[in-house]
Amino acid sequence: MKVYADHAATTQLDIDAFEAMKPFLLNDFGNASQPYSFARTAKAALKSARATIASCINADPEEIYFTSGGTESDNWAIKSTALIYGDNRATITSQIEHHAVLHACHAVERMGFPVAYLPVDSQGVVQSDTLSEYLSDSTKLVSIMFANNEIGTIQPIKELCEMAHSKGALFHTDAVQAVGHIPIDVKELNVDMLSASAHKFNGPKGIGFLYIKKGTNMVSYADGGAQEFGMRAGTENVASIVAMAVALEKNCKRMDSVNTHLVKLEHRLIASLQDAGLDFIRNGSNNKIPGNISLSFRGSEGEMLLHRLDLMGISVSTGSACDSENTQLSHVPEEYAKGTIRISLGYENTEEEITHIAASLMKILKH
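I will try to describe carefully the structure that is included in this document. Because the structure is predicted, anything quoted here is derived from the model rather than measured. (Residues numbered from 1 in each chain as written. Predicted model: local features only at pLDDT ≥ 70, side-chain atom pairs only at ≥ 80, totals over all residues. Heavy atoms only, no water.)

**Details of the overall build of the protein chain**
Then, in step 1: When you go through the protein chain residue by residue, the secondary structure sums to 12 helices and 12 strands.
Then, in step 2: Taken against the 2.2 N^0.38 rule, which gives 21 Å for 367 residues, the C-alpha radius of gyration of the protein chain at 21 Å falls within 12% of a compact globule.
Then, in step 3: Dimensions of the protein chain, computed from the C-alpha atoms along their principal axes, are close to 65 × 50 × 30 Å.
Then, in step 4: Counting every position in the protein chain, which comprises 367 residues, the buried fraction comes to 57%.
Then, in step 5: Intrachain contacts of the protein chain at a sequence separation of at least 6 include 72% that bridge at least 24 residues.
Then, in step 6: When the accessible surface of the protein chain is summed, it comes to about 15300 Å², and 50% of that surface belongs to carbon and sulfur atoms.
Then, in step 7: With 31 positive and 43 negative side-chain charges, the protein chain shows a spacing of 4 Å between the two charge centroids. (Helix = DSSP H or I, 4+ residues; strand = E, 2+ residues; numbered from the N terminus. Rg over C-alpha atoms; globule rule 2.2 N^0.38 Å. Buried < 20%, exposed > 50% of the residue type's maximum accessible area, 1.4 Å probe, protein only. Contact = heavy atoms within 4.5 Å. Areas by Shrake-Rupley, 256 points an atom, 1.4 Å probe, with all protein chains shown as cover. Lys, Arg positive; Asp, Glu negative; His and termini not counted. Charge placed at Lys NZ, Arg CZ, Asp CG, Glu CD.)

**Considerations on helix α4 (residues 99–110)**
Then, in step 1: Compared with an ideal rise of 1.5 Å per residue, which puts 12 residues at 16 Å, α4 spans 16 Å between its outermost C-alpha atoms and is within 8% of the ideal.
Then, in step 2: By the burial criterion, the buried members of α4 are Ala-100, Val-101, Leu-102, Ala-104, Cys-105, Ala-107 and Val-108.
Then, in step 3: Considering only its buried residues, α4 is in contact with α3 (70–85), β3 (90–94), β4 (115–118), β5 (139–143) and β6 (170–174).
Then, in step 4: One or two positions beyond α4, positive phi appears at Gly-112, with a value near 105 degrees. (Expected span 1.5 Å × (residues − 1).)

**Considerations on unusual backbone geometry**
Then, in step 1: One non-glycine residue, Glu-228, lies in positive phi territory at about 50 degrees.
Then, in step 2: In this structure, Glu-228 sits in the loop between β8 (208–212) and α8 (238–253).
Then, in step 3: Unusually for a residue other than glycine, Phe-229 sits at a positive phi of about 60 degrees.
Then, in step 4: Counting through the fold element by element, Phe-229 comes out in the loop between β8 and α8.

**Section: a nonpolar patch on the surface**
Then, in step 1: A surface patch of nonpolar side chains, amounting to about 300 Å² of accessible area, comprises Leu-83, Ile-84, Met-111 and Val-219.
Then, in step 2: Considering the arrangement of structural elements, one finds Val-219 in the loop between β8 and α8.
Then, in step 3: Val-219 gets classed as partly exposed once you look at its relative accessible area, which sits at 31%. (Patch = residues over 30% accessible without salt bridge, like charges linked within 9 Å, V, L, I, M, F, W, Y side chains within 5 Å. Salt bridge = Lys/Arg side-chain N within 4 Å of Asp/Glu carboxyl O.)

**Some points on the sheet that holds β3**
Then, in step 1: Read across the sheet, seven strands follow the order β2-β8-β7-β6-β5-β3-β4 without closing on themselves; strand pairing throughout is mixed. Here the strands that pair on one side only, and so sit at the sheet edges, are β2 (64–67) and β4. On average, adjacent strands in this sheet sit at an angle of 20 degrees to one another, irrespective of strand direction.
Then, in step 2: Bridge count between β6 and strand β7 (residues 193–197): three bridges; the pairing is parallel. Within β7, the position partnered with His-172 by the bridge is Met-193. (Pairing = 2+ DSSP bridges. Axes fitted to C-alpha atoms, helices over the stretch in contact; angles between N-to-C directions.)

**Thoughts on the side chain of Ser-360**
Then, in step 1: Mapping Ser-360 onto the fold places it in helix α12 (residues 351–366).
Then, in step 2: With a relative accessible area of 4%, Ser-360 lands in the buried category.
Then, in step 3: For Ser-360, the side chain forms a polar contact with the main-chain oxygen of His-356, separated by 2.7 Å.
Then, in step 4: Residues within four places of Ser-360 in sequence aside, it is in contact with Leu-309, Met-312 and Ile-314. (Polar contact = N/O pair within 3.5 Å; in protein donor to acceptor, adjacent residues only side chain to side chain.)

**Here's the deal with the nonpolar core**
Then, in step 1: Ranked by size, the top nonpolar core spans 59 residues in total, and within it Ile-184 and Phe-209 carry the most contacts.
Then, in step 2: At nine residues, α8 tops the list of elements feeding residues into this core.
Then, in step 3: In terms of nonpolar packing, the next biggest core, distinct from the first, is built from 26 residues, Leu-265, Leu-305, Ile-354 and Leu-361 among them. (Core = buried A, V, L, I, M, F, W, Y, C linked by side-chain atoms within 4.5 Å.)

**Focus: the pattern of salt bridges**
Then, in step 1: Within this structure, the stated rule accounts for 18 salt bridges.
Then, in step 2: Taking the shortest distance from any N to any O, the salt bridge between Lys-250 and Asp-14 comes out at 3.0 Å. Pair noted here: Lys-250 is in helix α8 and Asp-14 is in the loop between β1 (3–4) and α1 (15–26), with a separation of 236 residues, a long-range link.
Then, in step 3: Judged by its relative accessible area of 25%, Lys-250 is partly exposed.
Then, in step 4: By relative accessible area, Asp-14 is classed as buried at 3%.

Below is the structure:
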């Protein structure tokens, strides 16, 4: 049996999204920026896709900027903010961000701008008290991920955003793991920028978007043509943009039923491992992305578990009980931390597959 359980890394392209792409690859392939009639279908599709995506997060269409994915969106938000201010005002992020944020922040530091990296608590949560200690009138941007990619913990984004705004700072969130999986309302959250990537919610790879709230000053990501309201030059990837909109809308409509299914699978897996007497810790907080299961097994090695499971037809990730800068979370003893894997489930996974994963882990760990 082949089991794919690494949906936090990427997801299968939804069939309806795939079908939506085909006309713009084969027939309606016109350049949406051209003025002639053949380009009208592509231009109308872009407008419709932008409106659909905006409605899924309660944004306005003109606040959605298409990018190549989450990494580009994160880099644009962080580097643009640094360049606009052009002074020594600081950026604040957390120690457990995705490398797209951490490495962008490192680049900002090399430009001569200060960056502070917030510690998290034992469940991987950025506490408001911690942010308060770092915030000052010289903070220009706070960037905190919506949900952690390794342990699934969801951050208190609205509260953290309010604190940032109280000091006059902008707030950006890398929501790559969250968009299409949990409800998101950018107006309620009041974030200034939000990053998303289509391949995390059953869209195609190489396409994503950056939400930029009206009135937020930004430097253009690429200069050239007038695409994306003059902020990101380059011929639009119409087929992928259309597919992204279809996939996101479909995921949002079925979100409740899918998450109920994922929670049921989670409970079945954890119960099976506990009943077998395996010695493990589940990482992260109770408030997390459904289907993201980070487990640390005592006296084991994550790499070994990944390869042994792979031989049994199961695809998982070597997760980490540590943050992205290799700082161990305080609640994970060393004898557990090295034996960490991430099992991330999708709507396609079945109870039979969960039984296979559990049985395979028992076989590996008991021998």
